[in-house]
Amino acid sequence: MDNRVLQPVDDTTVRHRIAQQLTKHIVAGNFQPGQRLTEQELASSLQVSRGPLREAIRELAETGLLVSVPYKGLYVRSVTRRDLEELYSLRTTLERFAFERCWEKRSTDSLADLSQRNAELVRVIDAGNDGLQAIALELKLHAWCYELSDHRLLQRSWESMLPNLNLYFSLHQRAHGRSGPLRESHDRYVELAHGDSLDDMLEHLTEHMRQGLATTLTTLGSNLAS
């Protein structure tokens, strides 16, 4: 393992900072799907003790980014076709529900917030030099309906998907050789969210997710684990 990949962390909320840094490097592709990691190498690279490191590893295993196999070791999560199909089907269901919940809660201020999120995303895409930030802003755009829904369990469900969405979006963009999503990919989404027809919004969501899944499966192809 290249120790230059990981940077030392201080003692403030060590577990959280370790989990953040490991997540960042998994999403960025510095650790490849299926790669074996060891506590000793990680502790040495991060310059932390085993206690908070194990807690961070347990957290990432719970979110699905790492897999701990008894008597075999710790591995970066591999992506399968079933993983993608389950993620996209769940996300479609949850995001449709989020819009059903938030539709009547829309206001001038909340719609302006959505437009601002899209503008920030477009600005980073146009700059073309920070793919991870573009993915983070794409997820922030989609988080809008969950936040506006004011449904706590729904929001927690969304948050629990974020690590895997981050990873899958990153894999998709790297497979396309892009540093982020397409510039115009959310124009229709934002337009319909400002509109008068919930049915049109829900129909677009379903088709948007279906196309996204089909494109991802085709693009990743043989790179998916069996």
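Residues numbered from 1 in each chain as written. Predicted model: local features only at pLDDT ≥ 70, side-chain atom pairs only at ≥ 80, totals over all residues. Heavy atoms only, no water.

Caption draft 1: Examining the packing of helix α4 (residues 81-102) against helix α9 (residues 198-220) more closely. With their axes 10 Å apart at the nearest point, α4 and α9 run at an angle of 165 degrees to one another. On the basis of their axis angle, the class for α4 and α9 is roughly antiparallel. Relative to α9, α4 is oriented so that their crossing is right-handed. Across from Arg81, Leu84, Glu85, Tyr88, Arg91, Thr92, Glu95, Arg96, Phe99 and Glu100 in α4, the residues of α9 making contact are Leu198, Met201, Leu202, Glu203, Leu205, Thr206, Met209, Gly212, Leu213, Thr216, Leu217 and Leu220. (Axes fitted to C-alpha atoms, helices over the stretch in contact; angles between N-to-C directions. Helix = DSSP H or I, 4+ residues; strand = E, 2+ residues; numbered from the N terminus. Parallel < 35°, antiparallel > 145°, perpendicular 65-115°, else oblique. Left-handed = near helix turned anticlockwise from the far one by under 90°. Contact = heavy atoms within 4.5 Å.)

Caption draft 2: Just the pattern of salt bridges, in detail. Enumeration according to the criterion identifies twelve salt bridges in this entry. With a closest N to O distance of 3.0 Å, Arg117 and Asp113 form a salt bridge. Placement of the pair is Arg117 and Asp113 together in helix α5 (residues 108-127), with a separation of four residues, close to one helical turn. Through salt bridges with shared partners, a single ionic network connects Glu39, Arg50 and Arg54. (Salt bridge = Lys/Arg side-chain N within 4 Å of Asp/Glu carboxyl O.)

Caption draft 3: Up close: the packing of aromatic side chains. Counted by the stated rule, this structure contains four aromatic pairs. Where Phe99 meets Trp103, the ring centres are 6.5 Å apart and the plane angle is 55 degrees; that geometry is what we call tilted. Pair check on accessibility: Phe99 and Trp103 agree, each one buried. Three or more aromatic residues joined by ring pairs make a cluster, and in this case those are Phe99, Trp103, Trp144 and Tyr189. One Lys or Arg, Arg106, reaches over the ring of Trp103 and ends 3.5 Å from the middle of that ring. (Phe/Tyr/Trp six-rings, centres within 6.5 Å; stacked < 30°, edge-to-face > 60°. Buried < 20%, exposed > 50% of the residue type's maximum accessible area, 1.4 Å probe, protein only. Lys NZ or Arg CZ within 6 Å of the ring centre and 35° of its normal.)

Caption draft 4: Just the sheet that holds strand β1 (residues 36-37), in detail. One open sheet accounts for three strands, arranged β1-β3-β2; its pairing is antiparallel. Of all the strands in the sheet, the pair left with one neighbour each is β1 and β2 (66-69). Note that β2 and strand β3 (residues 73-76) share four bridges and pair antiparallel. From the neighbouring strand, Ser68 faces β3, where its bridge partner is Leu74. (Pairing = 2+ DSSP bridges.)

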